[in-house]
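Observations on the model geometry
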Amino acid sequence: FSTTLPDYPADLRGGKRTLAVIVRPKTLKRIIPALNALTCLLVMISPVFHGAWQWYAMIPPLAITAAMLAFMRDAVPGQRAMTYFVGLNIASLLCLVSVLTLYFFVGG
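Residues numbered from 1 in each chain as written. Predicted model: local features only at pLDDT ≥ 70, side-chain atom pairs only at ≥ 80, totals over all residues. Heavy atoms only, no water.

Let us look at the nonpolar core. In this structure, Leu-5, Tyr-8, Ala-20, Val-21, Leu-28, Ile-32, Met-68, Ala-75, Met-82, Phe-85 and Val-86 together form the largest nonpolar core, which totals eleven residues. Of all elements in the fold, only helix H2 (19-23), helix H3 (25-44) and helix H6 (80-106) reach the threshold of two or more residues within this core. Per-element tally for this core: the top contributor is H6, with three residues. Apart from the residues lying within four places of it in its own chain, the contact partners of Ile-32 are Phe-1, Ser-2, Leu-5, Met-68, Phe-85 and Asn-89. Membership of the second largest hydrophobic core comes to seven residues, among which are Cys-40, Met-44, Ala-57 and Leu-96. (Core = buried A, V, L, I, M, F, W, Y, C linked by side-chain atoms within 4.5 Å. Buried < 20%, exposed > 50% of the residue type's maximum accessible area, 1.4 Å probe, protein only. Helix = DSSP H or I, 4+ residues; strand = E, 2+ residues; numbered from the N terminus. Contact = heavy atoms within 4.5 Å.)

With that settled, consider a nonpolar patch on the surface. Taken together, the side chains of Phe-1, Ile-31, Leu-35, Leu-38, Leu-41, Leu-42 and Ile-45 present a nonpolar region at the surface, about 640 Å² in accessible area. Here Leu-38 shows up in helix H3. On the accessibility criterion, Leu-38 (41% relative accessible area) is partly exposed. (Patch = residues over 30% accessible without salt bridge, like charges linked within 9 Å, V, L, I, M, F, W, Y side chains within 5 Å. Areas by Shrake-Rupley, 256 points an atom, 1.4 Å probe, with all protein chains shown as cover. Salt bridge = Lys/Arg side-chain N within 4 Å of Asp/Glu carboxyl O.)

Looking at the secondary structure, you find Ala-20 in helix H2. Residue Ala-20 is classed as buried on the basis of its relative accessible area of 0%. Taking the C-alpha atoms as reference points, Ala-20 and Thr-65, separated by 45 residues in sequence, lie 19 Å from one another.

Attention now moves to the pattern of salt bridges. Applying the stated criterion across every chain yields a total of one salt bridge. For the salt bridge of Lys-16 with Asp-11, the shortest nitrogen-to-oxygen distance reads 3.8 Å.

Attention now goes to the packing of helix H5 (residues 59-72) against H6. Contact pair H5 / H6: the axes reach a minimum separation of 9 Å and the direction vectors enclose 165 degrees. Overall, the two elements H5 and H6 adopt an arrangement that is roughly antiparallel. For the crossing formed where H5 meets H6, the hand is left-handed. Across the interface between the two elements, Pro-60, Pro-61, Ile-64, Thr-65, Ala-67, Met-68, Phe-71 and Met-72 from H5 touch Ala-81, Tyr-84, Phe-85, Leu-88, Asn-89, Ala-91, Ser-92, Cys-95 and Leu-96 from H6. Residue composition of the contact of H5 with H6, by class: 14 nonpolar, three polar and no charged. (Axes fitted to C-alpha atoms, helices over the stretch in contact; angles between N-to-C directions. Parallel < 35°, antiparallel > 145°, perpendicular 65-115°, else oblique. Left-handed = near helix turned anticlockwise from the far one by under 90°. Nonpolar A, V, L, I, M, F, W, Y, C, P; charged D, E, K, R; others polar.)

Given below as C-alpha cells:
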C-alpha cells in the first residue's frame, strides 16, 4: 500500500483509482502501520508460533513499524519523509517475512 503514496499527485491528476487516491494519503498513512502491527500481533498469537527466539525475532518488525510513526505526519510526496516512510514499511514487511521463513525452514 505504501508504494502508492509517492505517486498520489500524478495518480489523482491522471484519474487513476489507486488506493492512495481512493482513501486519501492521510487515511492510508494511518492504516499502513496499523496493518503492520496487526500482522505482527497475529503472528505472535498464532498457535504454531512458540519459543523464545520467535518472540525476540519479532522485535525488528515491530521496532521498524514504530519508527514509521515518526515520519507519518511529514510524509508528503516529494519529501524525504515519504521516502523514509515507504522504505521503513518495506523493511518491516521484509523482516516479518524473514521471521516467518526462519520459523518454517528452521523450525520451532
